[in-house]
Amino acid sequence: MSVSAEVFDELKLRADADNIYVQVVTSVLDAGELIGVPHRLRLILAQPKNELMVHFPVEMDDGHHRLFKGYRVQHNNVLGPYKGGIRFHPDVHLDDIKALSVLMTMKCALVQLPFGGGKGGVQVDPHSLSENELRRLTRRFTSALGTNIGPDFDIPAPDLGSDARIMAWMADTYMNLRDPNRRLAGRGVVTGKPLDFGGSQGREKATGQGLVYVLEEMLPAMGFNLQSLSFSLIGYGNVGSWTARLLAERGATLCAVMDHKGAIAHKDGLDADALADHVRETGSVQGFAAARKISADEFYSMEVDALIPAALEKMVTLERAHQLRCKMVVEAANAPLSPAAERYLLDQGVGILPAVLCNAGGVTVSYFEWKQNRQDEAWDLDVVDSQLQKLLVRAARRVVNFAGEYGTDMRTAAYGAALKHINDVYTIRGIFP
Ligand code: NAD
């Protein structure tokens, strides 16, 4: 019996191979086996510490009430307060949020931030609500979470479907509900806030910026350079559009983009800045004048150096992996490959740069924001960028060194490096009582 199967058996978890939580925990436990973490750590990490589910009513603009379901999952806090985004999406389910909370634990540990892993979400299509409905929903969800979040305990951030405006409403609600003498400190309850309300320079582009720093560090050893890199992108929201713009600034060519409405391409490359303006105005890449519409099959089978998924989990299935003609997959989204697709691509010699490293820029600048809030400071953009580069280059080197030492792939190496740090801290602290 494999180590992960033993742990699932002991915890009486159903090891459904198609379940995203089982898939993520299995690959983390496999990495733990490689570096020989103790059994107690496997048990602790196989389940989140806390899983909170809330139901709350919101009055719609026409006067009727709708009941919403929200989640906050707190996976592990041995390194510091729980940290992770809040997703607004109609298909949010508990197991997705649990899986993403594990990845946050791994990400924070890999970069050695003083945070643990958490994640949350609300089952809602934010685009179907008016601004007032969205604000009431956000405030009601925040009050339902109550003292389960806080600047020293659990610190949400934006994720798919949420943004700086939603973070501002969360912070304001939290501040209004707490002791008036400590109200200002309550700002640090969330990160990814607008600049005028305790946000940080560079937070909006942070995930894309971090990915670019990671590529600058890792590509030369893989035989590529950014100036001549060709890439295609799934998703052109916050992460996708910033990644595209920052890569294009360095000379790379954006060949094709797919979003929730379809795919587009241009033989000479797409103008990343103009496309970002188009998406801001229309909500999708569709209808962008300087491009032709292509099918999903054409998108996946396009020959590029790198495919960068920056949308939802598990979009690249085994069937899609068979179509790919890229030399590497750079994971901007969390868990964008199914395990079968990943195994197939590794067998084909396609490099996979894992999300816990590639998209760690977001939580890293969130950490800077939290630090600035605590110290009542506002750092300049060049300070944020240079600190971000320093931490992510260190994390990338940790992954490369681990992969070399253990002769393993980059994902297992990234989890291995993260687990080593967590295990060291558990060993020093001991387990309460
Ligand atoms: P976003 O909401 O700004 O953008 C999401 C994009 O995905 C949009 O372009 C949308 O059209 C596209 N999309 C949705 N469904 C799709 C489908 N079925 N097919 C193709 N495209 C689809 O979200 P974001 O903040 O850019 O986050 C993207 C991913 O990156 C998520 O997985 C998120 O968890 C991850 N991530 C985000 C951050 C951050 O700082 N925002 C940090 C780390 C990881």
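In the block above lies the structure referred to throughout.
Since the model is a prediction, treat every value here as computed from it, not as a measurement.

Caption draft 1: Representation of the overall build of the protein. In terms of regular secondary structure, the protein is built from 16 helices and 12 strands. In terms of overall size, the protein behaves like a compact globule, its C-alpha atoms giving a radius of gyration of 21 Å where 433 residues would be expected to give roughly 22 Å. Referenced to the eigenvectors of the C-alpha coordinate spread, the extents of the protein come out at roughly 55 × 50 × 40 Å. Here the protein holds 433 residues, and the buried ones make up 56% of them. When the 46 positive and 52 negative side-chain charges of the protein are each reduced to one mean point, those points stand 4 Å apart.

Caption draft 2: The arrangement of the side chain of Asp159 in detail. Within the secondary structure layout, Asp159 lies in the loop between strand S5 (154-158) and helix H6 (164-177). Among the polar contacts listed, one links the side chain of Asp159 to the side chain of Lys119, at a separation of 3.2 Å. Apart from residues no more than four positions distant in its own chain, Asp159 is found in contact with Gly85, Ile86, Arg87 and Lys119.

Caption draft 3: The arrangement of the nonpolar core in detail. In terms of nonpolar packing, the biggest core is built from 95 residues, with Tyr236 and Leu254 touching the most fellow members. The biggest single contributor to this core is helix H4 (residues 94-111), with 10 residues. In this view, Leu254 contacts Phe231, Leu233, Tyr236, Ala244, Gly269, Leu270, Ala272 and Leu275; residues no more than four positions away in its chain are not counted. Formed by 23 residues, the second largest nonpolar core is a distinct cluster that contains Ile86, Phe141, Ile166 and Met167.

Caption draft 4: Summary view of helix H8 (residues 238-249). Taking 1.5 Å of rise per residue, the 12 residues of H8 would be expected to cover 16 Å, and the 17 Å separating its terminal C-alpha atoms lies within 8% of that figure. At its buried positions, H8 is contacted by helix H7 (206-218), strand S6 (230-234), strand S7 (253-259), helix H9 (272-282) and strand S10 (303-309).

Caption draft 5: Spatial organisation of the pairing of strand S1 (residues 50-59). For S1 and strand S2 (residues 65-76), the ladder comprises 10 bridges, and the chain directions are antiparallel. When the bridges of S2 are listed, Val58 appears paired with Arg66. Counting the residues in the hairpin turn of S1 and S2 gives 5 residues, including Gly63, whose phi is positive at 95 degrees.

Caption draft 6: Structural view of a negative patch on the surface. Together, Glu6, Asp9, Glu10, Asp30 and Glu33 line one region of the surface with negative charge. Going through the elements one at a time, helix H1 (3-11) and helix H2 (20-35) are the ones with two or more residues in the negative patch. In terms of residues, the negative patch owes the most to one element, H1, which gives 3 residues. The residue Asp9 is located in helix H1 in this model.

Caption draft 7: Expanded view of the side chain of Thr173. Looking at the secondary structure, you find Thr173 in helix H6. Here Thr173 falls in the buried class, since its relative accessible area comes to 7%. For Thr173, the contacting residues outside a window of four places in its chain are Arg139, Thr142 and Ser143.

Caption draft 8: Just the packing of aromatic side chains, in detail. Counting across every chain of the model gives 10 aromatic pairs. Residues Tyr367 and Phe368 carry aromatic rings whose centres are separated by 5.9 Å and whose planes lie at 45 degrees to one another, so their mutual orientation is tilted. Both rings, one in Phe368 and one in Trp379, keep their centres 5.4 Å apart while their planes meet at 40 degrees; by these two values the pair is tilted. Of this pair, Phe368 sits in helix H14 (residues 361-375) while Trp379 sits in the loop between H14 and helix H15 (381-406), placing them 11 residues apart in sequence. Residues Phe368 and Trp379 agree in their burial class; the two are buried.

Caption draft 9: Spotlight on the site of the ligand. Near the ligand lie 22 residues; those nearest to it are Asp159, Thr207, Tyr236, His260 and Ala311. At 2.8 Å, a side-chain N or O of Thr207 approaches an oxygen atom of the ligand. Within the backbone of Asn238, a nitrogen or oxygen atom sits 2.9 Å from an oxygen atom of the ligand. When isolated, the ligand has an accessible area of 830 Å², and the protein chains bury 83% of it. Its residues assigned to classes, the shell around the ligand comprises 10 nonpolar, 8 polar and 4 charged.

Caption draft 10: Quick peek at empty space enclosed by the protein. On inspection of all chains with the given rule, the structure shows 1 cavity of 30 Å³ or more. Considering only enclosed or pocket space, the largest cavity measures out at about 30 Å³ in volume. Around the largest cavity sit Val28, Leu29, Gly32, Val37, Leu41, Arg42, Leu45 and Leu419, which together line it. Taken together, the residues that form the lining of the largest cavity break down as 6 nonpolar, 1 polar and 1 charged.

Caption draft 11: Spotlight on the pattern of salt bridges. All told, the structure shown has 26 salt bridges when counted by the stated rule. For the salt bridge of Arg72 with Asp154, the shortest nitrogen-to-oxygen distance reads 2.7 Å. In this pair, Arg72 sits in strand S2 while Asp154 sits in strand S5, placing the two residues 82 residues apart along the sequence. Accessibility assignment for this pair places Arg72 and Asp154 in one class, buried. A salt bridge links Asp159 to Lys119, with the shortest nitrogen-to-oxygen separation between them at 3.2 Å. Of this pair, Asp159 sits in the loop between S5 and H6 while Lys119 sits in strand S4 (residues 116-123); the two residues are 40 residues apart in sequence, bridging distant segments of the chain. According to the relative accessible area criterion, Lys119 is buried, its value standing at 3%. Put simply, Arg87, Lys119, Asp159 and Glu313 are held in one network by salt bridges that share partners.

Caption draft 12: Layout of the state of the cysteines. Under the counting rule described, the total for this entry stands at 0 disulfides. No disulfide involves Cys108; its nearest neighbouring cysteine sulfur is the one of Cys358, lying 16 Å away. With relative accessibility at 0%, the residue Cys108 sits in the buried group.

Conventions we followed
Residues numbered from 1 in each chain as written. Predicted model: local features only at pLDDT ≥ 70, side-chain atom pairs only at ≥ 80, totals over all residues. Heavy atoms only, no water. Helix = DSSP H or I, 4+ residues; strand = E, 2+ residues; numbered from the N terminus. Rg over C-alpha atoms; globule rule 2.2 N^0.38 Å. Buried < 20%, exposed > 50% of the residue type's maximum accessible area, 1.4 Å probe, protein only. Lys, Arg positive; Asp, Glu negative; His and termini not counted. Charge placed at Lys NZ, Arg CZ, Asp CG, Glu CD. Polar contact = N/O pair within 3.5 Å; in protein donor to acceptor, adjacent residues only side chain to side chain. Contact = heavy atoms within 4.5 Å. Core = buried A, V, L, I, M, F, W, Y, C linked by side-chain atoms within 4.5 Å. Expected span 1.5 Å × (residues − 1). Pairing = 2+ DSSP bridges. Patch = residues over 30% accessible without salt bridge, like charges linked within 9 Å, V, L, I, M, F, W, Y side chains within 5 Å. Areas by Shrake-Rupley, 256 points an atom, 1.4 Å probe, with all protein chains shown as cover. Salt bridge = Lys/Arg side-chain N within 4 Å of Asp/Glu carboxyl O. Phe/Tyr/Trp six-rings, centres within 6.5 Å; stacked < 30°, edge-to-face > 60°. Near = heavy atom within 4 Å. Nonpolar A, V, L, I, M, F, W, Y, C, P; charged D, E, K, R; others polar. 1 Å grid on protein atoms, 1.4 Å probe; cavity = no way out; pocket = protein on both sides within 12 Å on 5 of 7 lines; lining within 4 Å. Points joined across faces, edges and corners; volume = space filled by probe spheres on them. Disulfide = S-S within 2.5 Å.

Nothing here speaks to function; it is geometry throughout.
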